[in-house]
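Tertiary structure, described
Chain by chain, the residues run as shown.
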Amino acid sequence: MTDTLVFYSALDPFEDWRDALTPHLGDAVQIQNHDAITDPEKVRYALVWMPPDGFFARFPNLSLVTNLGAGVDRLVARDDLPDVPVTRLSDPEMGRMMASFVLFAVLRHARNIPFFEAAQMRREWAYKHPRPATDISVAVLGLGELGALAATEIARQGFVTHGWATRPKDLPGVTVHHGDDALDQVLGLADIVVSQLPLTPRTRKLLNAERFARMKPDASFINVSRGEVVDETALVAALKAGHLSGATLDVFEKEPLASDHPLWSVPGVLITPHLASVALPKSAAPQIAANIHAIRRGDELRNTVSRVHGY
Ligand code: NDP
């Protein structure tokens, strides 16, 4: 019997994903966009990015839900998510795209680019002596699929690199700290703090006024994970008070960021519209297909999400 995979994303083109998946799934699985499904009972797999409320109720025979991205916070928080395994993408190209964005943001602060941009606006030749990477500490909070790669790339550039996760781990060139008690120490060590933490009940608004106060005076902050990990009012206050010297922000509590949000006009802040990394059909298709084949055979799945931990 041919099973069906239902696709939903308001951002990603269905045709690109269908064309990338077809060679890996063959005739065993029919790939259909959500609005083309005529027989919902045949739908066994869902490949989705933020489907509307009630989406899953139409498909009583689902056996696998794959999140079309790395961040699963919205998916696991839903009350209509069926009780089946949930997997996420863990795509090397996506990791490289994120690591290059994080590296760009770290270099932006390490090489004082906001200072030169401000001077240029004033048509001023303002010299600031560069610091070597070995004099600059960077802390990466969250050392998962994406965070670990970003941290090792930062270390490869010669920065003194610290990382923070729930558990110890070995990463070349990175001093890894773990557990809640280590956070304040890590924040106090870094000239540049990067959030690569997933949004979970434990990380929501983790970076609040108290945590920003723990950061070194003049530290910079980079957020490429989820806006809700940060208390945005506290971030604006820390930037406006001059305690933080700048920020590179790709994610926000409410997206799109409202045009009257104070962050738009804080000096030293760069805002990008949630694009540090995206799911790429060609490189992600083999792992999505491999999990579908695995579940058909009853084999173990890869890149599963823990509903208990929320990532
Ligand atoms: P993973 O889920 O693979 O890893 C999460 C990491 O965070 C792990 O190292 C984990 O520790 C750590 N962590 C989780 N909770 C805590 C906690 N309470 N205290 C300390 N450490 C914690 O995430 P990824 O690296 O794949 O991605 C991170 C996030 O990036 C995603 O959840 C998503 O929100 C965001 N993202 C943003 C994109 C963008 O374009 N801006 C694109 C893609 C993803 P441990 O290793 O010990 O489990």
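Our structure's up above, just so we're on the same page.
Residues numbered from 1 in each chain as written. Predicted model: local features only at pLDDT ≥ 70, side-chain atom pairs only at ≥ 80, totals over all residues. Heavy atoms only, no water.

1. Let's talk about a nonpolar patch on the surface
The cut-off we apply is this: Each patch is built from residues lacking any salt bridge and having more than 30% relative accessible area; the joining distance is 9 Å for like charges and 5 Å for nonpolar side chains (Val, Leu, Ile, Met, Phe, Trp, Tyr). Only the protein chains shown count as cover for residues, and all accessible areas are computed by the Shrake-Rupley method using a 1.4 Å probe. Salt bridge, as used here: a side-chain nitrogen of Lys or Arg that lies within 4 Å of a carboxyl oxygen of Asp or Glu. Runs of H or I in DSSP of at least four residues are treated as helices and runs of E of at least two as strands, each being numbered from the N terminus. Per-residue accessibility, obtained with a 1.4 Å probe over protein chains only, is compared with the maximum for each type, and a residue is labelled buried under 20%, exposed over 50%, and partly exposed between these values.
Together, I113, F115 and F116 make up an exposed nonpolar region whose accessible area comes to about 210 Å². When you line up the elements, I113 lands in helix α4 (residues 113-121). The class of I113 is partly exposed, set by a relative accessible area of 32%.

2. Points about the nonpolar core
Selection criterion: For the purposes of this section, nonpolar cores are sets of buried Ala, Val, Leu, Ile, Met, Phe, Trp, Tyr and Cys residues that join through side-chain atoms within 4.5 Å. Domain borders in the structure are assigned automatically or taken from a domain database. The contact definition used throughout considers only heavy atoms, calling two residues in contact when any of these lie within 4.5 Å.
L5, W17 and V106 are the most contacted members of the largest nonpolar core, which totals 53 residues. The greatest single-element share of this core, amounting to 9 residues, is contributed by helix α3 (residues 92-110). Of the domains in this structure, domain 1 (3-91 + 279-297) and domain 2 (92-271) are the two that each give at least three residues to this core. Not counting chain neighbours up to four residues away, the residues in contact with W17 comprise F7, D12, L47, L68, L89, A279, L280, P281, A284 and I288.

3. Brief notes about the site of the ligand
Inclusion rule: In this text, near means that some heavy atom of the residue lies within 4 Å of the molecule or strand in question. Counted as a polar contact is a pair of N or O atoms within 3.5 Å, where, for protein atoms, one must be capable of donating a hydrogen and the other of accepting one, and residues adjacent in sequence contribute only when both atoms are in side chains. For this classification, the nonpolar set comprises Ala, Val, Leu, Ile, Met, Phe, Trp, Tyr, Cys and Pro, the charged set comprises Asp, Glu, Lys and Arg, and every other residue, Gly included, is treated as polar.
In the vicinity of the ligand lie 31 residues, with R88, T166, R167, K169 and Y311 positioned nearest. Here L143 contributes a backbone N or O atom positioned 2.9 Å from an oxygen atom of the ligand. L146 is positioned with one of its backbone polar atoms (N or O) 2.8 Å from an oxygen atom of the ligand. For the shell around the ligand, the secondary-structure elements that each account for two or more residues are α3, α5 (145-156) and β7 (160-165). Classifying every residue of the shell around the ligand by side-chain character gives 14 nonpolar, 10 polar and 7 charged.

4. Side note on the layout of surface pockets
The gaps of empty space that remain are located by a probe, the size of a water molecule, rolled over the atoms. So the rule is basically this: Here a cavity denotes a set of grid points, spaced 1 Å apart and computed over the protein atoms alone, in which a 1.4 Å probe fits but from which it cannot get out, and a pocket denotes an open set meeting protein on both sides within 12 Å along at least five of seven lines; residues with an atom within 4 Å of a point are reported as lining. Grid points are joined across faces, edges and corners, and a volume is the space filled by probe spheres set on the points.
Counted as a void, the second largest pocket has a volume near 330 Å³. When contributions to the lining of the second largest pocket are tallied by element, the ones reaching two or more residues are α3, α4, β10 (219-223) and β11 (244-249). For the lining of the second largest pocket, the per-class residue count stands at 6 nonpolar, 6 polar and 5 charged.

5. Points about unusual backbone geometry
A cis geometry characterises the amide bond from E255 onward to P256, with omega recorded as -5 degrees. For P256, the position within the fold is in the loop between β11 and β12 (269-271). With phi around 45 degrees, M50 is a residue other than glycine that occupies positive phi space. The residue M50 is located in the loop between β3 (43-49) and β4 (64-67) in this model. Judged by its relative accessible area of 40%, M50 is partly exposed. One non-glycine residue, D218, lies in positive phi territory at about 80 degrees.

6. As for the sheet that holds strand β5 (residues 86-87)
Going by this rule: At least two DSSP bridges between two strands are required for those strands to pair.
Strand order in the open sheet formed by 5 strands is β2-β1-β3-β4-β5, and the pairing between neighbours is parallel. Of all the strands in the sheet, the pair left with one neighbour each is β2 (29-33) and β5. Direction of pairing for β3 relative to β4: parallel, over a ladder of 4 bridges. Bridge pairing in β4 links V48 to N67.

7. Details of the packing of helix α1 (residues 14-25) against helix α9 (residues 281-297)
Rules: The angle between two axes is taken between their N-to-C directions and runs from 0 to 180 degrees, where each axis is a line fitted to C-alpha atoms and a helix contributes only its stretch in contact. Just so you know how the angles are binned, under 35 degrees is roughly parallel, over 145 roughly antiparallel, 65 to 115 roughly perpendicular, and the rest oblique. Crossings are sorted by hand: turned counterclockwise from the far helix by less than a right angle, the near helix makes the crossing left-handed, and turned clockwise it makes it right-handed.
Viewed as axis vectors pointing N to C, α1 and α9 meet at an angle of 50 degrees, and their least axial separation amounts to 8 Å. Regarding the angle of α1 to α9, the classification is oblique. Here α1 and α9 pass one another in a crossing that is right-handed. Counted together, D16, W17, A20, L21, H24 and L25 of α1 and P281, K282, A284, A285, P286, I288, A289, I292 and H293 of α9 form the full contact between these two elements.

8. As for the sheet that holds strand β6 (residues 137-141)
The 7 strands lie next to each other as β8-β7-β6-β9-β10-β11-β12, forming an open sheet whose pairing is parallel. Looking along the sheet, the strands with just one partner apiece sit at the ends: β8 (174-178) and β12. Neighbour-to-neighbour, the strand axes of the sheet open up by a mean angle of 15 degrees, direction not taken into account. Across 5 bridges, β6 lies against β7 in parallel orientation. If you follow V140 over to β7, its bridge partner there is G163.

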